[in-house]
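Letter by letter, the chains look like this.
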Amino acid sequence: MIEIANDHLSAAINPHGAELTHLRDAAGRELMSAADPAYWPRYAPLLFPAIGKTAHGTIRVDGIDYPMPKHGFARDLTFAVTDQGPSHVVFTLTDTPDTRAAYPFAFRLDVKFCLDGTTLTTEVRVTNPADTPLLAQFGFHPAFAWPLPFDQARADHRIVFDRDEAPDLAAITPDGLIAAEPRPSPLDGRTLHLADALFAEDALVWNPVASGSVAYGAATGPHLRIAFPETPRLGIWTMPGASFVCVEPWHGIADPAGFAGEYKDKPGVFEVAPGDTKVMTMSVTLVP
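What you see is a predicted model, and the numbers here were worked out from it, not measured in a lab.

1. Regarding empty space enclosed by the protein
And then number 1: Counted according to the given criterion, the structure contains two cavities of 30 Å³ or more.
And then number 2: For the largest cavity, the full set of lining residues is Leu20, Ala44, Leu46, Phe113, Thr122, Phe140, His141, Pro142 and Met282.
And then number 3: Lining the second largest cavity are Ser33, Ala34, Ala35, Asp36, Tyr39, Trp40, Ala242, Ser243 and Phe244.
And then number 4: A class-by-class count of the residues in the lining of the second largest cavity yields six nonpolar, two polar and one charged.

This is how it looks when you write it as structure tokens:
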């Protein structure tokens, strides 16, 4: 584990997947999931170069099908540590013959974790080193403790959006694809009152999301402000009964049911021109 800290927060990141595993306040209270294997054994995987499931377990590039696991492969690979200081660290993943067998693109994926006051920012840079366009999806998938460790009841926790949202959400089919028909949003105004029953049919998916940030916590006491200015979709998910809730900013989404097109036409895929970089950030701020 790589650890970073300042006077307000400390964080630990596993180079395997460049996965944030701990985020603690100055008193040492844990803000992240415990990764209980009875529910979900991960903490905050990074989703690249695909989000969710593909219709046939593959992506098609120029007429050729390549195997692609759910949420891509970056979360299961070890990143190099390319820069480090007391309150920041940078992890880097580049393409290899193995990645090109599943994803025929050259890429450099840099993930920087930086603590500044009561904020942890994760900055992701997707760089195209080739002379042809790079196609990709990217998503964050952090699991926060539910309840947070501030002596508030689990049932009192909520997520408040910073803007009004559409009345419908994307629905997920039993095999993990995006259904043709939407589902009604459970928002009460801008507030999602968290309850296990919300997730009986998988994640809640805002496609797109109007908000650039949400506040998570109980109505009183400290809470987390989670900001995601560059990612146009948002998933919220847990396993009913688990002690975590995931707030997932995405630039991409699972395949629509029946999708059989090229990867470039998969919803949410972005293009990075030769030599260019696309930057996406997520920040988590502990608000007293």
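After presenting the structure, the write-up continues.
2. Things to note about the sheet that holds strand E14 (residues 157–161)
And then number 1: Spatial ordering of the open sheet is given by E7-E8-E9-E10-E24-E20-E19-E14-E17, a layout of nine strands whose pairing is antiparallel. Of all strands in the sheet, those with a lone pairing partner are strand E7 (80–85) and strand E17 (191–193), marking the two edges. For this sheet the average axis-to-axis angle between neighbouring strands, irrespective of direction, equals 15 degrees.
And then number 2: Taken together, the nine bridges between strand E10 (residues 119–127) and strand E24 (residues 277–287) define a ladder with antiparallel strand orientation. Directly across from Thr122, in E24, lies its bridge partner Met282.

3. Some words on the nonpolar core
And then number 1: With 72 residues, the main nonpolar core has Tyr103, Leu109, Phe161, Leu192, Trp206 and Tyr216 as its most contacted residues.
And then number 2: For Tyr103, the contacting residues outside a window of four places in its chain are Phe48, Pro49, Ile59, Tyr66, Met68, Phe73, Leu134, Leu135, Ala136 and Tyr263.
And then number 3: Judged by nonpolar contacts, the second largest core, of 16 residues, contains Ala143, Ile178, Val205 and Trp250.

4. A few points about the sheet that holds strand E3 (residues 19–25)
And then number 1: The strand order E1-E2-E3 describes an open sheet built from three strands, whose pairing is antiparallel. Of all strands in the sheet, those with a lone pairing partner are strand E1 (2–5) and E3, marking the two edges. The sheet shows a mean angle of 15 degrees between the axes of neighbouring strands, taken without regard to direction.

5. Some words on the layout of surface pockets
Take a probe with the size of a water molecule and roll it over the atoms, and the empty space left behind shows itself.
And then number 1: In this structure, the largest pocket spans a volume of roughly 300 Å³.
And then number 2: In this structure, the largest pocket is lined by 20 residues; those nearest its centre are Lys70, His71, His141, Asp202 and Ala203.
And then number 3: The residue inventory of the lining of the largest pocket, partitioned by class, reads eleven nonpolar, four polar and five charged.

6. Quick word on the side chain of Glu165
And then number 1: Checked against the element boundaries, Glu165 lands in the loop between E14 and strand E15 (168–169).
And then number 2: One buried charge, Glu165, has no salt-bridge partner; the nearest side chain with opposite charge is Arg163, at 7.2 Å.
And then number 3: A distance of 2.8 Å separates a polar atom in the side chain of Glu165 from the backbone nitrogen of Ala210.
And then number 4: In this structure the side chain of Glu165 is engaged in a polar contact, spanning 2.6 Å, whose partner is the side chain of Ser211.
And then number 5: If we skip the residues at most four places from it in the chain, Glu165 touches Leu187, Trp206, Pro208, Val209, Ala210 and Ser211.

7. As for the environment of Pro267
And then number 1: Structurally, Pro267 is set in the loop between strand E22 (244–251) and strand E23 (270–272).
And then number 2: When its relative accessible area of 25% is taken as the criterion, Pro267 is described as partly exposed.
And then number 3: Measuring from C-alpha to C-alpha, the distance between Pro267 and Asp151 comes to 41 Å, with 116 residues separating the pair along the chain.
And then number 4: Not counting residues within four places of it along the chain, the set of residues in contact with Pro267 comprises Gln137, Arg233, Gly252, Ile253 and Pro256.

8. Considering the pairing of strand E6 (residues 64–67)
And then number 1: Sheet analysis places strand E5 (residues 58–61) next to E6, joined by four bridges and oriented antiparallel. Paired with Val61 across the strands is Ile64, a residue of E6.
And then number 2: Count of turn residues in the E5/E6 antiparallel hairpin: two residues, of which Asp62 carries a positive phi of about 50 degrees.

9. A look at the pattern of salt bridges
And then number 1: Tallied over the entire structure, the rule returns eleven salt bridges.
And then number 2: The closest approach of N and O atoms between Glu30 and Arg24, which form a salt bridge, is 3.2 Å.
And then number 3: As a salt-bridge pair, Asp76 and Arg42 come within 3.1 Å of each other at their nearest N and O atoms. Of this pair, Asp76 sits in the loop between E6 and E7 while Arg42 sits in the loop between E3 and strand E4 (46–47), placing them 34 residues apart in sequence.
And then number 4: Taking the relative accessible area as the measure of exposure, Asp76 reaches 38% and is therefore partly exposed.

10. So, the side chain of Asp110
And then number 1: Mapped onto the elements, Asp110 comes out in strand E9 (residues 108–116).
And then number 2: Take Asp110: its relative accessible area is 11%, and that puts it in the buried class.
And then number 3: Engagement of the side chain of Asp110 in a polar contact is seen with the side chain of Thr92, the distance being 2.5 Å.

Criteria and thresholds
- Residues numbered from 1 in each chain as written.
- Predicted model: local features only at pLDDT ≥ 70, side-chain atom pairs only at ≥ 80, totals over all residues.
- Heavy atoms only, no water.
- 1 Å grid on protein atoms, 1.4 Å probe; cavity = no way out; pocket = protein on both sides within 12 Å on 5 of 7 lines; lining within 4 Å.
- Points joined across faces, edges and corners; volume = space filled by probe spheres on them.
- Nonpolar A, V, L, I, M, F, W, Y, C, P; charged D, E, K, R; others polar.
- Pairing = 2+ DSSP bridges.
- Helix = DSSP H or I, 4+ residues; strand = E, 2+ residues; numbered from the N terminus.
- Axes fitted to C-alpha atoms, helices over the stretch in contact; angles between N-to-C directions.
- Core = buried A, V, L, I, M, F, W, Y, C linked by side-chain atoms within 4.5 Å.
- Buried < 20%, exposed > 50% of the residue type's maximum accessible area, 1.4 Å probe, protein only.
- Contact = heavy atoms within 4.5 Å.
- Lys, Arg positive; Asp, Glu negative; His and termini not counted.
- Salt bridge = Lys/Arg side-chain N within 4 Å of Asp/Glu carboxyl O.
- Polar contact = N/O pair within 3.5 Å; in protein donor to acceptor, adjacent residues only side chain to side chain.

Structural measurements only, silent on function.
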